[in-house]
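Examination of the molecular architecture
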Amino acid sequence: MAAADLNAIRATIEGRLATELAGDPAIPVVFHNMAYEPTPQASWVQCLVSFGASEYLSQGLTTDSQNRLIGIVTINIFSAKGVGSGANYIIGKRIRDLYNRVIASGVFFDAATGPEALASPSPEGYFQTQVRVTFESIEEL
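Description of the structure in this document. (Residues numbered from 1 in each chain as written. Predicted model: local features only at pLDDT ≥ 70, side-chain atom pairs only at ≥ 80, totals over all residues. Heavy atoms only, no water.)

**Description of the overall build of the protein chain**
Counting its regular elements, the protein chain contains two helices and seven strands. Taken from N to C terminus, the helices and strands of the protein chain fall in the order α-β-β-β-α-β-β-β-β. Projecting the C-alpha coordinates of the protein chain onto the three principal axes gives extents of approximately 55 × 25 × 25 Å. Taking all 141 residues of the protein chain together, 35% fall into the buried category. Restricting the contact set of the protein chain to residue pairs at least 6 apart, pairs at least 24 apart contribute 64%. Summing over all exposed atoms, the protein chain offers an accessible surface of approximately 7800 Å²; the carbon and sulfur share of this is 53%. (Helix = DSSP H or I, 4+ residues; strand = E, 2+ residues; numbered from the N terminus. Buried < 20%, exposed > 50% of the residue type's maximum accessible area, 1.4 Å probe, protein only. Contact = heavy atoms within 4.5 Å. Areas by Shrake-Rupley, 256 points an atom, 1.4 Å probe, with all protein chains shown as cover.)

**A few points about the packing of aromatic side chains**
Applying the stated criterion across every chain yields a total of seven aromatic pairs. The interplanar angle of 85° and the centroid separation of 5.7 Å between the aromatic rings of Phe-51 and Phe-135 together place this pair among those described as edge-to-face. A residue pair is termed long-range when its members are at least 10 positions apart, and Phe-51 in strand S2 (residues 44-56) and Phe-135 in strand S7 (residues 126-140) qualify at 84 residues. Accessibility expressed as a relative area gives 34% for Phe-51, which makes it partly exposed. Through pairs of rings, three or more aromatic residues link up here, namely Tyr-36, Trp-44, Phe-78 and Tyr-126. (Phe/Tyr/Trp six-rings, centres within 6.5 Å; stacked < 30°, edge-to-face > 60°.)

**Details of the pattern of salt bridges**
One pass over the structure, following the stated rule, counts five salt bridges. Between Glu-14 and Arg-10 there is a salt bridge, and its shortest N-O distance comes to 2.6 Å. Of the two residues, Glu-14 and Arg-10 are both situated in helix H1 (residues 6-21); the distance of four residues between them amounts to about one turn of the helix. (Salt bridge = Lys/Arg side-chain N within 4 Å of Asp/Glu carboxyl O.)

**Some thoughts on unusual backbone geometry**
Cis geometry marks the peptide bond from Asp-24 to Pro-25, where omega comes out at 0°. Relative to the assigned elements, Pro-25 resides in the loop between H1 and strand S1 (29-31). That bond from Ser-122 to Pro-123 is cis: its omega, 10°, falls within 30 degrees of zero. The backbone phi angle of Asn-33 is positive, close to 60°, even though this residue is not glycine. When you line up the elements, Asn-33 lands in the loop between S1 and S2. You will see that Arg-101, though not glycine, has its phi angle at about 60°, which is positive. Within the secondary structure, Arg-101 sits in the loop between helix H2 (86-99) and strand S4 (103-104).

**Topic: H1**
Taking 1.5 Å per residue as the helical rise, H1 with its 16 residues ought to reach 22 Å, and the 23 Å between its terminal C-alpha atoms agrees with that figure. Taken together, the buried positions of H1 are Ile-9, Thr-12, Ile-13, Glu-14, Leu-17 and Leu-21. (Expected span 1.5 Å × (residues − 1).)

**A look at the pairing of S7**
Direction of pairing for strand S3 (residues 66-80) relative to S7: antiparallel, over a ladder of 15 bridges. Paired with Ile-77 across the strands is Thr-129, a residue of S7. Bridge count between strand S5 (residues 107-109) and S7: three bridges; the pairing is antiparallel. What sits directly across from Val-107, in S7, is Ser-137. Bridging between strand S6 (residues 113-117) and S7 involves three bridges; their strand directions are antiparallel. Considered in S7, the bridge of Thr-113 is made with Arg-132. (Pairing = 2+ DSSP bridges.)

**Quick notes on H2**
The α-helix advances 3.6 residues per turn, and as a result positions three or four apart in sequence lie on the same side. Taking 1.5 Å per residue, 14 residues should reach 20 Å; H2 reaches 20 Å between its end C-alpha atoms and fits that length. Once H2 ends, the next one or two residues include Arg-101, with phi positive near 60°.

Have a look at this one:
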């Protein structure tokens, strides 16, 4: 049985974002289970990859069959509070373009949602928007 390598899927998703935001201007990216102390008044991004439902694509047992793995990427974009939403939405557009209906290393990304402004940012003291993208990958057993 050759189950899907969830870390390879996660690395594909996170690697695309890290590479894009390392460009000019560079924007710090934080992933699940990473300590981070944001610089006041500076933009930064948090990327959370979650795996969810799966479904059968074929009726084999543990060999010669396929499953569809489904997950969601939640990307929180933080920017300075009180200076408008423009800088935040520019980052959001870069992120949407990165994932919107793209196939990368066997990961199929659906149409992106957002950037959607959140009323109660966490952590406080920032303007926060969120981009969400569902994704699928085919597991070959």
